[in-house]
Amino acid sequence: MQCINQIGGYRCIPAGLYDRPFRPNSPALPELSYPDPSYPRVSSPLLCTLGYAPAADGTCNDVDECETNSHHCNPTQVCINTAGGYTCSCTEGYWLIGGQCQDIDECRYGYCQQLCANTPGSYSCSCNPGFNLNPDQRTCQDVEECEEEPCSHGCINTYGSFMCNCDEGFELAADGTSCIDWDECSFSEFLCQYRCVNTPGSFSCICPPGYYLYEDGRSCEDINECDTGNNTCTTQQVCFNFQGGYICLNPLQCQPPYVAVSDNQCMCSAENPDCRSRPFTILYRHMDLSSGRTVPADIFQMQATTRYPGSFYIFQIQSGNDGREFHMRQTSNVSATLVLARPIKGPREVVLDLEMVTVNNVINFRGSSIIRLTIYVSEHPF
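From a predicted model like this one, the values you see are computed outputs, not experimental measurements.

Conventions and cut-offs
Residues numbered from 1 in each chain as written. Predicted model: local features only at pLDDT ≥ 70, side-chain atom pairs only at ≥ 80, totals over all residues. Heavy atoms only, no water. Helix = DSSP H or I, 4+ residues; strand = E, 2+ residues; numbered from the N terminus. Buried < 20%, exposed > 50% of the residue type's maximum accessible area, 1.4 Å probe, protein only. Pairing = 2+ DSSP bridges. Lys, Arg positive; Asp, Glu negative; His and termini not counted. Salt bridge = Lys/Arg side-chain N within 4 Å of Asp/Glu carboxyl O. Contact = heavy atoms within 4.5 Å. Polar contact = N/O pair within 3.5 Å; in protein donor to acceptor, adjacent residues only side chain to side chain. Disulfide = S-S within 2.5 Å. UniProt positions renumbered as here; feature names shortened; annotations may be inferred. Axes fitted to C-alpha atoms, helices over the stretch in contact; angles between N-to-C directions.

1. A short note on the environment of D322
So, step 1. Here D322 lies in the loop between strand 27 (311–319) and strand 28 (326–330).
So, step 2. Of the residues examined, D322 reaches a relative accessible area of 76% and is grouped as exposed.
So, step 3. In the structure, D322 is positioned 128 residues away from Y194 in sequence and 31 Å away in space, judged by C-alpha atoms.

2. Things to note about the pairing of strand 29 (residues 335–340)
So, step 1. Most of strand 29 sits out of view: 6 of its 6 residues are buried.
So, step 2. In the sheet, strand 28 pairs with strand 29 via 5 bridges, with the strands oriented antiparallel. The residue bridging F326 from the neighbouring strand is L340, located in strand 29.
So, step 3. If you look at the hairpin formed by strand 28 and strand 29, you'll find 4 residues sitting between the two strands.

3. Some thoughts on the side chain of E184
So, step 1. Take E184: it is sitting in the loop between strand 16 (179–181) and strand 17 (195–199).
So, step 2. Among buried Asp, Glu, Lys and Arg side chains, E184 stands out as unpaired, with R218 the closest opposite charge at 9.2 Å.
So, step 3. Look past the residues within four positions of E184 in its chain and what remains in contact with it is G169, L191, N198, G201, S202 and F203.

4. Re the side chain of S311
So, step 1. In this fold, S311 is placed in strand 27.
So, step 2. Here the side chain of S311 touches N360 through a polar contact of 2.8 Å, side chain to side chain.
So, step 3. When sequence neighbours within four positions are dropped, the list of residues in contact with S311 reads T358, V359 and N360.

5. Remarks on the state of the cysteines
So, step 1. Applying the stated criterion across every chain, the model contains 17 disulfides.
So, step 2. The partner cysteine of C48 in its disulfide is C60, sulfur to sulfur 1.8 Å. Judged by the sign of its S-S torsion, about -85°, the bond between C48 and C60 is left-handed. With C48 in the loop between strand 2 (9–13) and strand 3 (52–54) and C60 in strand 4 (residues 60–62), this pair connects stretches of sequence that are 12 residues apart. By the burial criterion, C48 is buried, and C60 matches it.
So, step 3. The side chain of C73 participates in a disulfide bridge whose partner is C88; the two sulfur atoms lie 1.7 Å from each other.

6. What to know about the UniProt feature "domain: EGF-like" (unreviewed entry) in the protein chain
So, step 1. Within the UniProt annotation, "domain: EGF-like" (unreviewed entry) is assigned to residues 62–102, 103–141 and 181–221.
So, step 2. Helix makes up 0% of residues 103–141 and strand 41%, with an end-to-end C-alpha separation of 29 Å.
So, step 3. Taken end to end, residues 181–221 comprises 0% helix and 39% strand; its first and last C-alpha atoms sit 29 Å apart.

7. A look at the sheet that holds strand 26 (residues 297–303)
So, step 1. Taken together, 3 strands build an open sheet; the order of strands is 26-29-28 and the sheet is antiparallel. Both edges of this open sheet fall to strand 26 and strand 28, since each of them pairs with a single strand only. Here the strands of the sheet are splayed against their neighbours by 25° on average, with no regard to which way each runs.

What follows is the structure in structure tokens.
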């Protein structure tokens, strides 16, 4: 036999078959005569090359080996008929290796832009989250997630994803899409001078009664009810404003043996025997003081208005200093300062009798005068 190579295989044919002529050129043989005409006449048979078969019209027709299943392709191959023969090939997605059709792993060659899954004879592409597969079934298109409004406030599209942001005064929640209010008041007790009130996305400061919110939006300023006229004092009373409030002072009434010499001063005459052991004058003064004021602090000045030759002066707190929050510091021969030595919490009203004693040893004189100082301590430290 002779081996003939073919695409995807080979064939064995009788030796010298391809060397035979299509039709024999030998001279025609004489016809045989038979005595009996009933015997058949025998002619020479028609010979065709391999892959062809004699036809009724005396020609050779191609034999379809694939149709007649006379091929020798293995089960993994596909038979393709050719003129005078056939070939064994592989379907799309396979290639011939060692006589066998093996699947081509298209994913190794970057057919897909992102994700690739190999399948027998083919492959399929897919995309990462945040992308859609394009109609070409290979490339991916970024998804515009912000069009679906996934964020409660602001949305920023990114390649393959998105980011949410929040308005001022809010922070992003753990879910990454919703926003929760930022409680500014919980971060510091110094945001507002009095009280902080949290609001959605912000905060506001409020002030206690008797104060108004300053233009900085955080500080509290005293409302001077006496200047604004927003008080309940009568025409006979005097309105005195202090931090966070006011008080209506009644007209001065001097207790005997004192007599009024002005709207804030009582005098006891030296000619009156009842006045010899009493202070010569009592001057009424008022002042305000913030609660919890830092100490020490100089809060009131006192000095002699009339000076006599040979006299010296002693300044002291005669009454009202039961808690020892104050003391007098003499600053010169004729003056002294009232010092706040301990913090005072309000609201509170303190009345101090500040005494100035005049001593003159030349004329053997000793007398005193009183400043009756009323201190209104505010409820708040501002």
